[in-house]
Amino acid sequence: SWSTVLKEKSEDMIHVLQFPYNGEPPGDRLIKTKLTNNKDHFVRNHGGVPDIDADKWTLDIGGLVKNPQKLTLAQLQDESIFPRQSNIVTLQCSGTRRIEQIHEYPGDGDELINAPWCEGAISTARWTGVSLKKVIKHCGGLVDNADNIEFFGADTYFKKGNVHNYIVSVPWRKVKVHEVLLAWEMNGEPLPRIHGHPLRVVVFGYIGARSVKWLYKIRAIHRPSTAPVQLKEYLYYSPQIGKQNAQYSNGFSIQDMPVSSAMITPKNMDQIIHSGHIRLAGWAYSGGGHWPVRVEVSGDGGSIWYEVPAENMSTKYFYAWRTWWIDLPVDAEGWLEMCVRCWDNAMNTQPTFVRSAWNWDLHVTSSAHRVKVYSIN
Ligand code: MTE
Ligand code: MO
C-alpha cells in the first residue's frame with residue numbers, strides 16, 4: 001500500500017509536488033554523509049509507484065539484438081552467468097536548483113513536470129547489479145548497426161491529456177564502457193519500491209531522467225527513442241526560445257550533467273554572528289565522466305575567490321559528488337553575497353549568473369550558487 005511506500009522515506013523530506021511523490025532531503029543531512037541514506041535519497045517520479053512482484057517479473061530484451069530473451073531476476077543475479085558490478089554513483093535530476101531559474105523568470109511554468117527543486121535533487125549511493133553491456137552480450141550482441149538502447153519503465157503518467165509509459169534511451173557508446181548498470185541493490189539493501197524495485201537503470205554521469213526505474217523492457221534501436229519523454233522533455237533551449245515560439249527542434253537533448261555545486265550552509269537570508277570567519281559547506285559534482293577537482297568560494301559576490309583546502313573535500317570517486325567545507329575569512333558587517341563554484345578535471349567551471357544560462361524549460365541550473373547572508377561582527 002501507499003503507506004508502506006511512504007515509510008521508505010524520511011518524514012521530513014521536502015515535497016516539491018503534492019502528487020506524484022517528488023521530494024528532496026533537508027540540506028544539512030544531505031551533505032553530512034558521502035553516501036546518502038536510502039531514506040534520504042531524493043525521489044523524482046513522473047507518475048505513480050508500481051507495485052511489482054519480483055518473483056513474477058521478467059526483463060524483456062529485444063529489438064536489434066541477435067537473440068531476444070526474457071530474463072528473471074534470479075538469472076540476472078546468477079554470478080555464473082553475469083559478474084556483479086558495484087559503483088558509487090551520484091544521481092542528479094536536471095531540475096536541481098530550478099527554483100533559482102523560476103525566481104529569475106518562471107519559464108514553462110508547467111509545475112506538474114517542472115518541480116521547483118532546491119539544492120537537494122541530488123544524492124549518492126552504492127548501486128549493485130549487472131553491466132547492461134554484459135546482458136546485451138548474453139543476448140548475442142547488437143545486430144543491424146543498432147546504436148541506441150531504449151528503456152521502458154512500468155509506471156504510467158499523464159501529460160497534456162495523454163497517458164504514457166516512462167520511456168527513454170541512451171546511446172550504445174555509453175553502454176559499451178560499462179557506465180550503464182542494471183541495479184537491484186542500493187547501499188547494500190534491495191532496491192526500495194519508490195526507487196524502482198525490482199530493477200532500475202543507473203546511467204553514470206547523465207541526468208537522472210535516463211536512469212529508468214521499474215524497468216521491464218529493453219529495446220536495441222536505431223537513433224534515440226521517439227517516446228515523448230525522450231523527444232519532448234529534457235531539452236535545452238536557447239535563450240531566445242520561450243512559451244510562444246518553442247519547438248522541440250529548438251532544443252537539444254540533455255545527457256551529460258555539467259559541473260555544478262551548491263552551498264548548503266549558510267542558507268539564503270541567514271543572519272550570522274561571527275568572529276572573523278563564516279563556515280560554508282556544500283556539495284560539488286560533475287557528470288559526463290568528469291569529477292570535481294577544486295571548489296572555490298567567494299564572500300563578495302564573486303570578485304575574490306578562495307580555494308577550499310583539498311583536505312576539506314570528501315574522497316574522489318569517478319562518478320560521484322564531493323562534499324566540502326571552508327571557514328571563510330570575513331571582516332565586514334552587513335549583507336554579503338556568498339558564492340561557490342567548482343572546477344572539474346577537464347577544467348570546466350560554472351556559468352557566473354543564473355541568467356547566463358537561463359532556459360525556457362528550466363533545466364540544469366548550474367551557475368555559481370549565490371547565497372545572501374547578513375553578517376554581524
Ligand atoms: N523512471 C521511471 N520509470 N519513472 C520516472 O518518473 N524519473 C526519472 C528517473 N527514472 C523516472 C524514472 C528522473 S527525472 C530522475 S531525476 C530519476 O529517476 C530519479 O531517481 P530517484 O527517484 O531514484 O532519485
Ligand atoms: Mo529528473
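Nothing here was measured: the structure is a model prediction, and the numbers come from that model. (Residues numbered from 1 in each chain as written. Chains lettered and ligands numbered in written order. Predicted model: local features only at pLDDT ≥ 70, side-chain atom pairs only at ≥ 80, totals over all residues. Heavy atoms only, no water.)

1. Considerations on the site of ligand 1
To keep things clear, this is the line we draw: By convention in these notes, a residue is near a molecule or strand provided one of its non-hydrogen atoms lies within 4 Å of it. Any pair of N or O atoms that falls within 3.5 Å is considered a polar contact. Within protein, one atom must be able to donate a hydrogen and the other to accept it, and sequence-neighbouring residues count only if both atoms are side-chain atoms. Only protein atoms enter the 1 Å grid, on which a cavity is a set of points fitting a 1.4 Å probe that cannot get out and a pocket is an open set with protein on both sides within 12 Å along at least 5 of 7 lines, lining residues being those with an atom within 4 Å of a point. Those molecules having more than half of their atoms within 2 Å of a cavity or pocket grid point set are described as sitting in that cavity or pocket. Charged means Asp, Glu, Lys or Arg here, nonpolar means Ala, Val, Leu, Ile, Met, Phe, Trp, Tyr, Cys or Pro, and polar covers whatever is left, Gly included.
Neighbouring ligand 1 are 19 residues; Phe-42, Asp-155, His-195, Arg-200 and Lys-213 lie closest to it. A distance of 2.9 Å is found between a nitrogen atom of ligand 1 and a backbone nitrogen or oxygen belonging to Ser-211. The cavity that encloses ligand 1 is the largest cavity. Along the lines of polarity and charge, the residues of the shell around ligand 1 split into eight nonpolar, seven polar and four charged.

2. With respect to the layout of surface pockets
The following threshold applies: Grid points are joined across faces, edges and corners, and a volume is the space filled by probe spheres set on the points. Helix numbering and strand numbering both begin at the N terminus, where a helix is a DSSP run of H or I of at least 4 residues and a strand a DSSP run of E of at least 2. Here the bounds of each domain stem from an automatic or database domain assignment.
Quantified by volume, the largest pocket comes out at close to 690 Å³. Taken together, 28 residues make up the lining of the largest pocket; nearest its centre are Glu-100, Glu-119, Asn-268, His-369 and Arg-370. Where the lining of the largest pocket is concerned, the elements lending two or more residues are helix H2 (27–30), helix H4 (98–104), strand E15 (260–265) and strand E22 (369–376). Of the residues contributing to the lining of the largest pocket, the split by class is 14 nonpolar, five polar and nine charged. Here the lining of the largest pocket spans two domains, and each of domain 1 (2–253) and domain 2 (260–376) adds at least three residues to it. In this model, the second largest pocket occupies a volume close to 250 Å³. Every residue lining the second largest pocket is counted, 22 residues in all, and those nearest its centre are Asp-108, Lys-159, Lys-232, Trp-360 and Asp-361. Across the lining of the second largest pocket, the residue classes break down as nine nonpolar, four polar and nine charged. Two domains each provide a minimum of three residues to the lining of the second largest pocket, namely domain 1 (2–253) and domain 2 (260–376).

3. Side note on the nonpolar core
Just so we agree on the cut-off: What makes a nonpolar core is a set of buried Ala, Val, Leu, Ile, Met, Phe, Trp, Tyr and Cys residues whose side-chain atoms join them at distances within 4.5 Å. Working definition: with a 1.4 Å probe on protein chains only, accessible area under 20% of the residue-type maximum means buried, over 50% means exposed, and in between means partly exposed. Whether two residues touch is decided by their heavy atoms; if any such pair falls within 4.5 Å, the residues are in contact.
Within the largest apolar cluster, 59 residues are counted, with the highest numbers of intra-cluster contacts made by Leu-76, Leu-132, Phe-151 and Leu-182. Formed jointly, this core draws a minimum of three residues from each of two domains, domain 1 (2–253) and domain 2 (260–376). What Leu-182 contacts, discounting residues up to four positions off in sequence, is Leu-59, Thr-128, Gly-129, Val-130, Leu-132, Val-135, Leu-199, Arg-200, Val-201, Leu-215 and Ile-218. Core analysis: the second largest hydrophobic core is formed by 20 residues, Ile-272, Ile-326, Val-330 and Leu-336 among them.

4. Concerning empty space enclosed by the protein
As enumerated under the stated definition, the model contains three cavities of 30 Å³ or more in all. The space that makes up the largest cavity amounts to roughly 260 Å³. What lines the largest cavity is a set of 19 residues, among which Arg-44, Arg-200, Gly-208, Ser-211 and Lys-213 lie closest to the centre. Among the residues making up the lining of the largest cavity, the classes are represented as nine nonpolar, six polar and four charged.

5. Comments concerning the sheet that holds E22
We count it as follows: By this definition, two strands are paired if DSSP reports at least two bridges between them.
Read from one edge to the other, the open sheet built from five strands follows the order E16-E22-E21-E18-E19, with strand pairing classed as mixed. Because the sheet does not close on itself, it has two edges, and the strands there are strand E16 (271–273) and strand E19 (306–307). Where strand E21 (residues 334–344) lies against E22, seven bridges are found, and the strand directions are antiparallel. Its bridge partner lying in E22, Met-338 is registered against Val-371.

6. Digging into unusual backbone geometry
Residues His-197 and Pro-198 are joined by a peptide bond in cis, for which omega reads 5°. Assignment of secondary structure puts Pro-198 in the loop between strand E10 (189–190) and strand E11 (200–203). Backbone torsion omega between Thr-265 and Pro-266 reads -5°, so that peptide bond is classified as cis. You can see Pro-266 is positioned in the loop between E15 and E16. Backbone geometry at Asn-187 places phi at a positive 55°, although glycine is not the residue there. Looking at the secondary structure, you find Asn-187 in the loop between strand E9 (180–186) and E10. Residue classification places Asn-187 among the partly exposed residues on the basis of a relative accessible area of 22%. The phi angle at Trp-214 is positive, at roughly 50°, despite the residue not being glycine.

7. Focus on the domain arrangement of the protein chain
Rule in force here: Throughout, buried area stands for the accessible area (probe radius 1.4 Å) lost by two parts on being put together, summed over both.
For the protein chain, the assigned domains read domain 1 (2–253) and domain 2 (260–376). The centre of domain 1, based on its C-alpha atoms, is set 27 Å off from the matching centre of domain 2. In this assembly, 40 residues from domain 1 lie in contact with 37 residues from domain 2. Summing both partners gives a buried area of about 3600 Å² for domain 1 against domain 2, and 57% of it is carried by carbon and sulfur.

8. What to know about the pattern of salt bridges
We apply this condition: Any carboxyl oxygen of Asp or Glu that lies within 4 Å of a side-chain nitrogen of Lys or Arg is treated as forming a salt bridge with it.
Counted under the stated rule, the structure contains 15 salt bridges. Where Glu-337 meets Lys-372, a salt bridge forms, and the shortest distance between an N and an O atom there is 3.8 Å. Here Glu-337 is found in strand E21, whereas its partner Lys-372 is found in strand E22, with 35 residues between them in sequence. Here the salt bridges do not stand alone but share partners, grouping Arg-294, Glu-296, Glu-307 and Arg-341 into one network.

9. Observations regarding a nonpolar patch on the surface
Note the following rule: Like-charged residues within 9 Å of one another, or nonpolar side chains (Val, Leu, Ile, Met, Phe, Trp, Tyr) within 5 Å, are grouped into patches, provided each residue has over 30% relative accessible area and no salt bridge. Areas reported here follow the Shrake-Rupley algorithm with a probe of radius 1.4 Å; residue values treat only the protein chains shown as occluding.
Where nonpolar side chains cluster on the molecular surface, the patch consists of Met-269, Trp-335 and Tyr-374 and spans about 350 Å² of accessible area. For Tyr-374, a relative accessible area of 30% gives the class partly exposed.

10. Some remarks on the pairing of strand E6 (residues 122–131)
Of all the ten residues making up E6, nine are buried; the element is thus mostly covered by neighbouring parts of the structure. Both strand E5 (residues 85–92) and E6 contribute to a ladder of eight bridges, which runs antiparallel. Across the sheet, Gln-85 pairs through a bridge with Gly-129, a residue of E6. For E6 and E9, the ladder comprises five bridges, and the chain directions are antiparallel. What sits directly across from Trp-127, in E9, is Met-186.

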